[in-house]
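Next come the chains, spelled out residue by residue.
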Amino acid sequence: MHKSLFLLDPQIVFLNHGSFGACPRSVFSIYQGWQLELERQPVEFLGRRIEGLLDDARAVLANYLNAERDDLIFVPNATAGVNIAARSLRLQPGDEILTTTHEYGACDTTWERVCAKTGAVYKKRSIPLPLVSDAEFVEALWAGVTPRTRVIYLSHITSPTALIFPVVEVCRRARESGILTVIDGAHAPGQIRVDLSEIDADFYTGNCHKWMCAPKGAGFLHVRREHQTWVEPLMTSWGYTHGDTFVSRQQMQGTRDPAAYLTVPAAIQFLREHHWEHVQAECHQQAIDLRDRLVTLTGLPALCDNDHFRQMFTVAVPPTDPAVLKRRLYDEFRIELPVIEWDDRLFIRVSIQVYNTPEDGEQLLLALDKLGVTAQRV
Ligand SMILES: Cc1ncc(COP(=O)(O)O)c(C=O)c1O
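Keep in mind it's a predicted model, so treat the numbers as computed, not measured.

Caption draft 1: Seen up close, the sheet that holds strand 4 (residues 121-125). Across the sheet, which stays open at both edges, the seven strands sit in the order 2-8-7-6-5-3-4 with mixed pairing between neighbours. Only two strands of the sheet have a single neighbouring strand rather than two, namely strand 2 (72-75) and strand 4. On average, each strand axis in the sheet is inclined to that of its neighbour by 20 degrees, with strand direction left out of account. Here five bridges tie strand 7 (residues 203-207) to strand 8 (residues 219-223), and the two strands are oriented antiparallel to one another. Residue Gly 206 lies in a different strand from strand 8, and its bridge partner there is Phe 220.

Listed below in structure tokens is the structure:
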């Protein structure tokens, strides 16, 4: 699909869909249409129509995720979803939250803050790499479970390493053991199939503005019904007393622009019209080909097999100054991609979205070669 269907700067080799997503022109104009409609009669829009409009948008999203409309709420982003879950739990001193060393920094900070206030303990486990077996992953994680484990917090697709974690199996086993699960699906919907009924997490939060290509500021939080009464909104607003449902307590949080939420159905329609399963498979193949060549270039081992990543992958690069590498890739080659320091190692993370072509990969390979990020440096 041609890049001109998106609003992206054609001069940039954009290999970082993962950080903030990118919205197609047609979806973005629907978003702006909602904003114009709101401004035309704000009281009609926010005072009388909004609840029905949000209900309709949540119904479409819930259908896409195989969930029930009133078990999920819109949130501005996955960070908000993790915050709602983490702050609502009534943690006691000594309770343990088990996670991995692959989680997103802002969410690590959220849990660490909650632990600092409650006396709970945030326990990060390292997972054997390369990730090639779901069973091995689950065993490695479970070795960290103790009688004090109250919560397992896990990314569905990790931020620094772009790995797909086996959340269905983890959630099933956690439920059997009476442990709550909080799954961070910031990168999952739109990149891989997300079936919330199958995953059956206690809390699952995700973004629509990354891989579903919705406008920025559209995420969701899905909560199992038995927990909905004790989930606290981040802001207390009118809905807290006026309604008495999970949605009413969470949904209206003062005056703000709901246009990104209302555009989620248009983003889903865009994915359907463009046969997204086919797109995902093609992007995956492009990603496999590029990753193989990058691994050959750097001479460093891959982080996982082909089944544990999809449209985004991370490869290790030989030691160099990360800030300089990132700046030179951008300034000299117009390549946008994240350079990540993780566990004393240096990574680059590559996103392949529908607008990327093999030519983008060629440019990256050429740039890394010219910058000396190759096996010979090691
Ligand atoms: C695993 C993970 N969780 C949470 C986030 C935060 O997403 P947002 O900034 O949309 O809240 C990210 C962002 O990249 C992420 O990778």
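Anyway, onward from the coordinates.
Caption draft 2: Structural view of the environment of Thr 118. Note on placement: Thr 118 falls in helix 5 (residues 105-118). Thr 118 gets classed as partly exposed once you look at its relative accessible area, which sits at 22%. In sequence terms Thr 118 and Arg 193 are 75 residues apart; their C-alpha atoms lie 36 Å from each other. Within polar-contact distance, the side chain of Thr 118 engages the backbone nitrogen of Ala 120 at 3.2 Å.

Caption draft 3: Focus on the sheet that holds strand 11 (residues 339-342). Spatially, 9-12-11 is the arrangement adopted by the three strands of the open sheet, whose pairing is antiparallel. Of all strands in the sheet, those with a lone pairing partner are strand 9 (312-316) and strand 11, marking the two edges. If you compare each strand with its neighbour and ignore which way they point, the axes differ by 35 degrees on average. Bridge count for strand 9 against strand 12 (residues 345-351) is five bridges, and the pairing is antiparallel. Across the sheet, residue Ala 316 finds its bridge partner in strand 12, namely Phe 347. The strands that helix 13 (residues 276-298) touches are strand 9 and strand 12; relative to strand 9, the one it contacts most, it runs at about 5 degrees.

Caption draft 4: Structural view of the pairing of strand 4. Bridging between strand 3 (residues 96-100) and strand 4 involves five bridges; their strand directions are parallel. For Glu 96, the partnering residue across the bridge sits in strand 4 and is Val 121. Read as a crossover between parallel neighbours, the route from strand 3 over helix 5 to strand 4 is right-handed.

Caption draft 5: Spatial organisation of the site of the ligand. The full set close to the ligand counts 14 residues, and Thr 79, Asp 184, His 187, Asn 207 and Lys 210 are the nearest of them. Side-chain polar atom of Asn 207 to an oxygen atom of the ligand: 2.9 Å apart, as the coordinates give it. Computed on the free molecule, the ligand has an accessible area of 400 Å², of which 91% lies beneath the protein chains in the complex. Its residues placed into classes, the shell around the ligand shows five nonpolar, seven polar and two charged.

What counts as what
- Residues numbered from 1 in each chain as written.
- Predicted model: local features only at pLDDT ≥ 70, side-chain atom pairs only at ≥ 80, totals over all residues.
- Heavy atoms only, no water.
- Pairing = 2+ DSSP bridges.
- Helix = DSSP H or I, 4+ residues; strand = E, 2+ residues; numbered from the N terminus.
- Axes fitted to C-alpha atoms, helices over the stretch in contact; angles between N-to-C directions.
- Buried < 20%, exposed > 50% of the residue type's maximum accessible area, 1.4 Å probe, protein only.
- Polar contact = N/O pair within 3.5 Å; in protein donor to acceptor, adjacent residues only side chain to side chain.
- Contact = heavy atoms within 4.5 Å.
- Right-handed = clockwise from strand over helix to strand, strands pointing away.
- Near = heavy atom within 4 Å.
- Areas by Shrake-Rupley, 256 points an atom, 1.4 Å probe, with all protein chains shown as cover.
- Nonpolar A, V, L, I, M, F, W, Y, C, P; charged D, E, K, R; others polar.

No statement about biological role is implied by the geometric values presented.
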